Amino acid sequence: MKKKQAIKDVLYGSMLEMSHNRNYFYRSQVGTKYCHWTDEGKEAIIHVVEDMFRGLQIIHQAELKEEAKRQTMDALK
(Lines give C-alpha, C1' and ligand atoms only; values in the text may rest on other atoms or scores of the structure.)
Protein backbone atom coordinates (compact mmCIF):
# COMPACT_ATOMS: atom_id res chain seq x y z
CA MET A 1 0.00 0.00 0.00
CA LYS A 2 2.92 2.35 0.64
CA LYS A 3 3.98 2.02 -2.99
CA LYS A 4 0.53 3.08 -4.18
CA GLN A 5 0.62 6.14 -1.94
CA ALA A 6 4.08 7.00 -3.24
CA ILE A 7 2.79 6.87 -6.83
CA LYS A 8 -0.12 9.13 -5.86
CA ASP A 9 2.24 11.55 -4.15
CA VAL A 10 4.52 11.67 -7.21
CA LEU A 11 1.54 12.28 -9.50
CA TYR A 12 0.22 15.05 -7.25
CA GLY A 13 3.66 16.64 -6.95
CA SER A 14 4.27 16.43 -10.69
CA MET A 15 0.96 18.09 -11.49
CA LEU A 16 1.54 20.81 -8.91
CA GLU A 17 5.04 21.55 -10.18
CA MET A 18 3.89 21.60 -13.81
CA SER A 19 1.15 24.06 -12.88
CA HIS A 20 3.87 26.54 -11.85
CA ASN A 21 5.54 26.35 -15.27
CA ARG A 22 4.23 28.92 -17.78
CA ASN A 23 4.97 26.56 -20.66
CA TYR A 24 2.52 24.06 -19.21
CA PHE A 25 -0.08 26.12 -17.39
CA TYR A 26 -1.58 29.54 -17.99
CA ARG A 27 -2.40 31.19 -14.69
CA SER A 28 -4.78 34.12 -15.12
CA GLN A 29 -4.65 37.06 -12.76
CA VAL A 30 -8.37 37.55 -13.37
CA GLY A 31 -9.38 34.30 -11.71
CA THR A 32 -9.06 30.54 -11.70
CA LYS A 33 -11.93 30.33 -14.15
CA TYR A 34 -9.53 31.62 -16.83
CA CYS A 35 -6.57 29.41 -15.93
CA HIS A 36 -5.86 26.48 -18.24
CA TRP A 37 -3.30 23.91 -19.34
CA THR A 38 -1.42 24.74 -22.51
CA ASP A 39 -1.19 22.19 -25.31
CA GLU A 40 2.35 21.40 -24.16
CA GLY A 41 1.05 21.03 -20.61
CA LYS A 42 -1.69 18.66 -21.70
CA GLU A 43 0.89 16.48 -23.45
CA ALA A 44 3.08 16.52 -20.34
CA ILE A 45 0.12 15.49 -18.16
CA ILE A 46 -0.63 12.56 -20.44
CA HIS A 47 3.02 11.50 -20.31
CA VAL A 48 3.17 11.70 -16.51
CA VAL A 49 -0.13 9.86 -16.03
CA GLU A 50 0.90 7.11 -18.44
CA ASP A 51 4.19 6.62 -16.58
CA MET A 52 2.45 6.59 -13.21
CA PHE A 53 -0.14 4.13 -14.49
CA ARG A 54 2.61 1.77 -15.64
CA GLY A 55 4.00 1.89 -12.12
CA LEU A 56 0.56 1.17 -10.67
CA GLN A 57 0.17 -1.81 -12.99
CA ILE A 58 3.48 -3.23 -11.79
CA ILE A 59 2.43 -2.78 -8.17
CA HIS A 60 -0.97 -4.35 -8.84
CA GLN A 61 0.56 -7.39 -10.54
CA ALA A 62 2.97 -7.86 -7.61
CA GLU A 63 0.06 -7.64 -5.15
CA LEU A 64 -1.91 -10.24 -7.12
CA LYS A 65 1.09 -12.55 -7.12
CA GLU A 66 1.58 -12.14 -3.36
CA GLU A 67 -2.13 -12.77 -2.72
CA ALA A 68 -2.00 -15.93 -4.85
CA LYS A 69 1.03 -17.15 -2.87
CA ARG A 70 -0.74 -16.40 0.42
CA GLN A 71 -3.86 -18.27 -0.64
CA THR A 72 -1.81 -21.24 -1.81
CA MET A 73 0.07 -21.37 1.48
CA ASP A 74 -3.19 -21.09 3.44
CA ALA A 75 -4.70 -23.93 1.40
CA LEU A 76 -1.69 -26.13 2.08
CA LYS A 77 -1.94 -25.62 5.86
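Given the structure is predicted, the values throughout are model-derived calculations rather than measurements.

Remarks on the side chain of Ser28
Part 1 of the reasoning: Structurally, Ser28 is set in the loop between β1 (25-26) and β2 (36-37).
Part 2 of the reasoning: Using a relative accessible area of 10% as the deciding quantity, one classes Ser28 as buried.
Part 3 of the reasoning: Here the side chain of Ser28 touches Val30 through a polar contact of 3.0 Å, landing on its backbone nitrogen.

Quick notes on helix α2 (residues 39-76)
Part 1 of the reasoning: End to end, α2 covers 56 Å across 38 residues, agreeing with the expected 56 Å (1.5 Å per residue, within 8%).
Part 2 of the reasoning: Burial in α2 covers these residues: Gly41, Ala44, Ile45, Val48, Met52, Gly55 and Ile59.
Part 3 of the reasoning: Summarising the contacts, the buried residues of α2 are in contact with α1 (2-18) and β2.

Here we look at the environment of Thr38
Part 1 of the reasoning: Structurally, Thr38 is set in the loop between β2 and α2.
Part 2 of the reasoning: Relative accessible area serves as the criterion here: at 19%, Thr38 is assigned to the buried category.
Part 3 of the reasoning: Sequence separation between Thr38 and Arg22 is 16 residues, and the spatial gap between their C-alpha atoms is 8.5 Å.
Part 4 of the reasoning: Setting aside its immediate chain neighbours within four residues, Thr38 contacts Arg22, Asn23, Tyr24, Phe25 and Tyr26.

Structural notes on the pattern of salt bridges
Part 1 of the reasoning: Tallied over the entire structure, the rule returns 4 salt bridges.
Part 2 of the reasoning: With its nearest N and O atoms 3.7 Å apart, the salt bridge here joins Lys69 to Glu66. Of the two residues, Lys69 and Glu66 both sit in helix α2, 3 residues apart, roughly one turn of that helix.

Cut-offs applied
- Residues numbered from 1 in each chain as written.
- Predicted model: local features only at pLDDT ≥ 70, side-chain atom pairs only at ≥ 80, totals over all residues.
- Heavy atoms only, no water.
- Helix = DSSP H or I, 4+ residues; strand = E, 2+ residues; numbered from the N terminus.
- Buried < 20%, exposed > 50% of the residue type's maximum accessible area, 1.4 Å probe, protein only.
- Polar contact = N/O pair within 3.5 Å; in protein donor to acceptor, adjacent residues only side chain to side chain.
- Expected span 1.5 Å × (residues − 1).
- Contact = heavy atoms within 4.5 Å.
- Salt bridge = Lys/Arg side-chain N within 4 Å of Asp/Glu carboxyl O.

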